[in-house]
Amino acid sequence: MLYSLPLWLTALWWGSLTTVGFLVVPLLFVHLPTPAMAGGMAAKLFTAQTTVSVVCGLVLLMLFRQKQAPALVDTAQSATLFVVGGVLLALLVEFGVTPHILARDNLVLWHRVGTGMYVVQWLCAGVVFGKLAKDR
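It should be emphasised that the depicted structure is a prediction, and the values quoted were computed from it without experimental measurement. (Residues numbered from 1 in each chain as written. Predicted model: local features only at pLDDT ≥ 70, side-chain atom pairs only at ≥ 80, totals over all residues. Heavy atoms only, no water.)

1. Notes on the state of the cysteines
Cysteine pairs can be covalently joined through their sulfur atoms, and such a bond is termed a disulfide. Using the criterion set out here, one finds 0 disulfides in the structure. For the unlinked cysteine C124, the closest cysteine sulfur is that of C56, found at 14 Å. Residue class for C124 comes out buried when judged on its relative accessible area of 11%. (Disulfide = S-S within 2.5 Å. Buried < 20%, exposed > 50% of the residue type's maximum accessible area, 1.4 Å probe, protein only.)

Shown next, in the form of structure tokens:
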């Protein structure tokens, strides 16, 4: 059971990034009456997503440091950089980029930066998910 926990955590992390960023938030902008309402709700969802990303990432790192089956040791070592990168990107978007977007400070630039960082975080989670799924 403990061996499969990292895979489930990574599935939650990658799946939630996929659902929030590529399905729910675009639907907000389609179905809510104004872009301002959609943007406000999107900001709240992205904050919740940051919490999911950080918790999943930190628990993954703790699990990677435990004594494991030899097959998982190599995977944990190769996946650690992607976990750390994904968590750092989540925190940078939340505390570095989001304040600029909310302040509407050069909105196009900061939205593109935030989107790019979100996509790279999604890729990091996807790489970890792929590495763990391959070893199953």
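2. Examining the nonpolar core
Judged by nonpolar contacts, the single largest core of 22 residues is most densely connected at W13, L60, F64 and V83. Apart from the residues within four sequence positions on either side, F64 is in contact with P6, A76, A79, T80, V83 and L132. (Core = buried A, V, L, I, M, F, W, Y, C linked by side-chain atoms within 4.5 Å. Contact = heavy atoms within 4.5 Å.)

3. Description of the layout of surface pockets
Considering only enclosed or pocket space, the largest pocket measures out at about 760 Å³ in volume. Ranked by residues supplied to the lining of the largest pocket, first place goes to helix α2 (residues 35–65) with 9 residues. Grouping the constituent residues of the lining of the largest pocket by class yields 16 nonpolar, 10 polar and 2 charged. (1 Å grid on protein atoms, 1.4 Å probe; cavity = no way out; pocket = protein on both sides within 12 Å on 5 of 7 lines; lining within 4 Å. Points joined across faces, edges and corners; volume = space filled by probe spheres on them. Helix = DSSP H or I, 4+ residues; strand = E, 2+ residues; numbered from the N terminus. Nonpolar A, V, L, I, M, F, W, Y, C, P; charged D, E, K, R; others polar.)

4. Regarding a nonpolar patch on the surface
There is a patch of nonpolar side chains on the surface, built from V84, L88, L91 and F95 and spanning about 360 Å² of accessible area. Tracing the backbone through its elements, the reader meets V84 in helix α3 (residues 70–102). Residue class for V84 comes out partly exposed when judged on its relative accessible area of 32%. (Patch = residues over 30% accessible without salt bridge, like charges linked within 9 Å, V, L, I, M, F, W, Y side chains within 5 Å. Areas by Shrake-Rupley, 256 points an atom, 1.4 Å probe, with all protein chains shown as cover. Salt bridge = Lys/Arg side-chain N within 4 Å of Asp/Glu carboxyl O.)

5. As for the confidence of the model for the protein chain
Scored by pLDDT, the protein chain has a mean of 92; 93% of the residues are at 70 or more. Taken element by element, the predicted model of the protein chain shows its lowest mean pLDDT in α3 (91) and its highest in helix α1 (residues 5–31) (97). (pLDDT = per-residue confidence, 0-100.)

6. Here we look at α2
The end-to-end C-alpha distance of α2 is 44 Å, a good match for the 45 Å that 31 residues give at a rise of 1.5 Å each. If you check which residues of α2 are buried, you get A38, A42, A43, Q49, T50, S53, V54, C56, G57, L60, L63 and F64. (Expected span 1.5 Å × (residues − 1).)

7. Quick look at the packing of aromatic side chains
The final tally for this structure, using the stated rule, is 5 aromatic pairs. Here W14 and F129 contribute two aromatic rings whose centre-to-centre distance is 6.0 Å and whose plane-to-plane angle is 5°, an arrangement assigned as stacked. Taken together, the positions of W14 in helix α1 and F129 in helix α4 (residues 107–134) put the pair 115 residues apart, joining distant regions of the chain. Ring plane angle 75° and centroid distance 5.2 Å describe the contact between F22 and W122, whose orientation is recorded as edge-to-face. In this pair, F22 is assigned in helix α1 and W122 in helix α4, connecting sequence segments 100 residues apart. Aromatic ring contacts, followed pair by pair, group W14, F22, F46, Y118, W122 and F129 into a single cluster. (Phe/Tyr/Trp six-rings, centres within 6.5 Å; stacked < 30°, edge-to-face > 60°.)

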